[in-house]
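In case you want the letters, here they are:
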Amino acid sequence: MGLHTRTLGAVVALAMSTAAVSAQDITMNVGFGAPEDSLYGRFGAIFEELAEQYTNGAVDVRLRCCNQVATEDEGFRAMQLGTVDGFFITANNVSPHWPLMDVTVLPYIFQNTDHLARVVDGEVGDFIKSQLLEDTGVHLLSFGPALYRDFYNSVRPVNTMADMQGLKIRTPNNAVMLQTFEAFGAIPVPLAWSETPTALQTGTVDGGDNGTSFIRDMSFYEFMPNLVILEHFVSMAPLFASSSFMDRLSDEQREQIMRAAIDAGNKFSEEVRTETEEVRQWLATEGGMTRTDPDRADFIAAAQKVQQAVAAERGEEFVALVNMINAAAQ
């Protein structure tokens, strides 16, 4: 064997050895904007446990709460740039980066929880994941638990849609959500999540909406006395990962991480479903909020007009995705 051949073999062996060591020392920093004990943190803890179990410790998941690595509004772009490994981002905050995600934000687009499950676990969910990756380079690992957003305000109880008239409502900077609250008669005020608690406390806005547990997690009940059960939007908590992180994994590890994310989402979804009504009861008793459950007929009628208007604005691809979701209801 010649010197060149022996040297080349040594270099290849060293490279393979280095790659093997690196494969055993992979850190996945996963960010989110809410507190550690929030829904994101709890979902993340299940994912962390399963990811480390499925990879036999080869991937070390580290959860970074409270905007440590980026804000939720910055997280998606950071994953595209490869500066963040993973992030939990509410679906409506993905829409500025990938407008098709707005189809899941449309008011009353899902008829019930069974319909929603058929969408995210079936053909539509697979299409969204693959198209998102193709268009943005970001992986959607799991849609996570689905929560219906509950409305709250500091001005008055809401028993009919007429009671929404003139209320200044904090809304994520999302076109569909802005149009929806306008259709309900309110005055939407787009604010980043990081600015929201202060705006609510100081009266800059009269109210807002969040997944039920977030109202308790963020202690909004302390200064928002009125709880309104509308279930107008589904608030999903998807887990995303950057291509730069996924490309560091072997094929087997990628499969293990994706399986961990899906299994964590399914496990946590079961927990969330049993907790939602319990949290509402807590908010209306120990939390001191006044709860109303308005008739939704007027809200749904207004929402259907928003659906039609948004679909007409967004073009054929958006309309086709809406039709796929509607077909899944059958």
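This structure is a prediction, so every number in the text was calculated from the model and none was measured.

1. Considerations on the nonpolar core
Consideration 1: Counting residues in each nonpolar core, the largest one holds 56 residues, and the members touching the most others are Phe151 and Phe240.
Consideration 2: It is helix α11 (residues 297–314) that contributes the most residues to this core, six residues altogether.
Consideration 3: Counting 47 residues, the second-largest nonpolar core is a separate cluster that includes Phe32, Ala51, Ile257 and Met289.

2. Details of the pairing of strand β1 (residues 26–31)
Consideration 1: Sheet topology note: the β1/strand β2 (residues 59–64) ladder contains six bridges and is parallel. Bridge pairing in β2 links Asn29 to Arg62.
Consideration 2: You can see the chain leave β1, run along helix α2 (residues 39–54) and come back into β2, and the turn it takes is right-handed.
Consideration 3: The sheet contact formed by β1 and strand β3 (residues 86–88) spans two bridges and is parallel. Bridging from a neighbouring strand, Gly31 pairs with Phe87 of β3.

3. Some thoughts on the sheet that holds β1
Consideration 1: Strand order in the open sheet formed by five strands is β2-β1-β3-β11-β4, with mixed pairing between adjacent strands. With partners counted over all chains shown, the strands left at the sheet margins are β2 and β4 (138–142), one partner each. With direction set aside, neighbouring strand axes in the sheet form an average angle of 25 degrees.
Consideration 2: Sheet strands in contact with α2 are β1, β2, β3, β4 and β11 (239–242), and its direction is about 170 degrees off that of β2.

4. Let's talk about the pattern of salt bridges
Consideration 1: If you walk through the whole model with that rule in mind, you get 14 salt bridges.
Consideration 2: Close ionic contact of Asp60 with Arg62 constitutes a salt bridge, the shortest N to O distance being 2.8 Å.
Consideration 3: A salt bridge links Arg248 to Asp85, with the nearest nitrogen and oxygen atoms 3.8 Å apart. Pair noted here: Arg248 is in the loop between α9 (243–246) and α10 (251–284) and Asp85 is in the loop between α3 (72–81) and β3, with a separation of 163 residues, a long-range link.
Consideration 4: Since its relative accessible area comes to 10%, Asp85 is described here as buried.

5. Comments concerning the packing of α2 against α10
Any two packed helices are characterised by how steeply their axes cross, that is the angle between the axes, and by the distance between the axes.
Consideration 1: Close contact between α2 and α10 brings their axes to 8 Å; oriented N to C, the two are set at 140 degrees. In terms of orientation, α2 lies oblique with respect to α10. Crossing of α2 over α10 shows right-handed handedness.
Consideration 2: A per-class count over the contact of α2 with α10 returns 13 nonpolar, two polar and six charged.

6. Quick look at α3
Consideration 1: Looking at α3, one finds that the buried residues are Glu72, Gly75, Phe76, Ala78 and Met79. The buried residues of α3 all sit within an arc of 165 degrees when viewed along its axis, so they share a single face.
Consideration 2: Of the surrounding elements, those touching the buried residues of α3 are α2, β3, α5 (123–136), β4 and β11.
Consideration 3: Gly82 sits one or two positions beyond α3 and adopts a positive phi of about 85 degrees.

7. Looking at the side chain of His232
Consideration 1: Residue position: His232 is located in the loop between β9 (226–228) and β10 (234–236).
Consideration 2: Within the structure, the side chain of His232 is placed 2.8 Å from the side chain of Asp209, a separation counted as a polar contact.

8. Regarding the side chain of Asn174
Consideration 1: For Asn174, the location among the structural elements is in the loop between β6 (168–171) and α6 (175–183).
Consideration 2: Reaching out from Asn174, the side chain makes a polar contact with the side chain of Ser95 at a distance of 3.4 Å.
Consideration 3: Asn174 has contacts with Asn92, Ser95, Asp102 and Val105, leaving out every residue within four places of it along the chain.

9. Notes on the packing of aromatic side chains
Consideration 1: Considering all chains together, one arrives at 16 aromatic pairs under this definition.
Consideration 2: Plain terms: the ring middles of Phe76 and Phe240 are 5.9 Å apart, the flat faces sit at 80 degrees to each other, and that makes the pair edge-to-face. Within this pair, whereas Phe76 is found in helix α3, its partner Phe240 is found in strand β11, the two being separated by 164 residues in sequence. Each member of the pair, Phe76 together with Phe240, is buried.

Basis of the calculations
- Residues numbered from 1 in each chain as written.
- Predicted model: local features only at pLDDT ≥ 70, side-chain atom pairs only at ≥ 80, totals over all residues.
- Heavy atoms only, no water.
- Core = buried A, V, L, I, M, F, W, Y, C linked by side-chain atoms within 4.5 Å.
- Buried < 20%, exposed > 50% of the residue type's maximum accessible area, 1.4 Å probe, protein only.
- Helix = DSSP H or I, 4+ residues; strand = E, 2+ residues; numbered from the N terminus.
- Pairing = 2+ DSSP bridges.
- Right-handed = clockwise from strand over helix to strand, strands pointing away.
- Axes fitted to C-alpha atoms, helices over the stretch in contact; angles between N-to-C directions.
- Contact = heavy atoms within 4.5 Å.
- Salt bridge = Lys/Arg side-chain N within 4 Å of Asp/Glu carboxyl O.
- Parallel < 35°, antiparallel > 145°, perpendicular 65-115°, else oblique.
- Left-handed = near helix turned anticlockwise from the far one by under 90°.
- Nonpolar A, V, L, I, M, F, W, Y, C, P; charged D, E, K, R; others polar.
- Arc of directions from axis to C-beta.
- Polar contact = N/O pair within 3.5 Å; in protein donor to acceptor, adjacent residues only side chain to side chain.
- Phe/Tyr/Trp six-rings, centres within 6.5 Å; stacked < 30°, edge-to-face > 60°.

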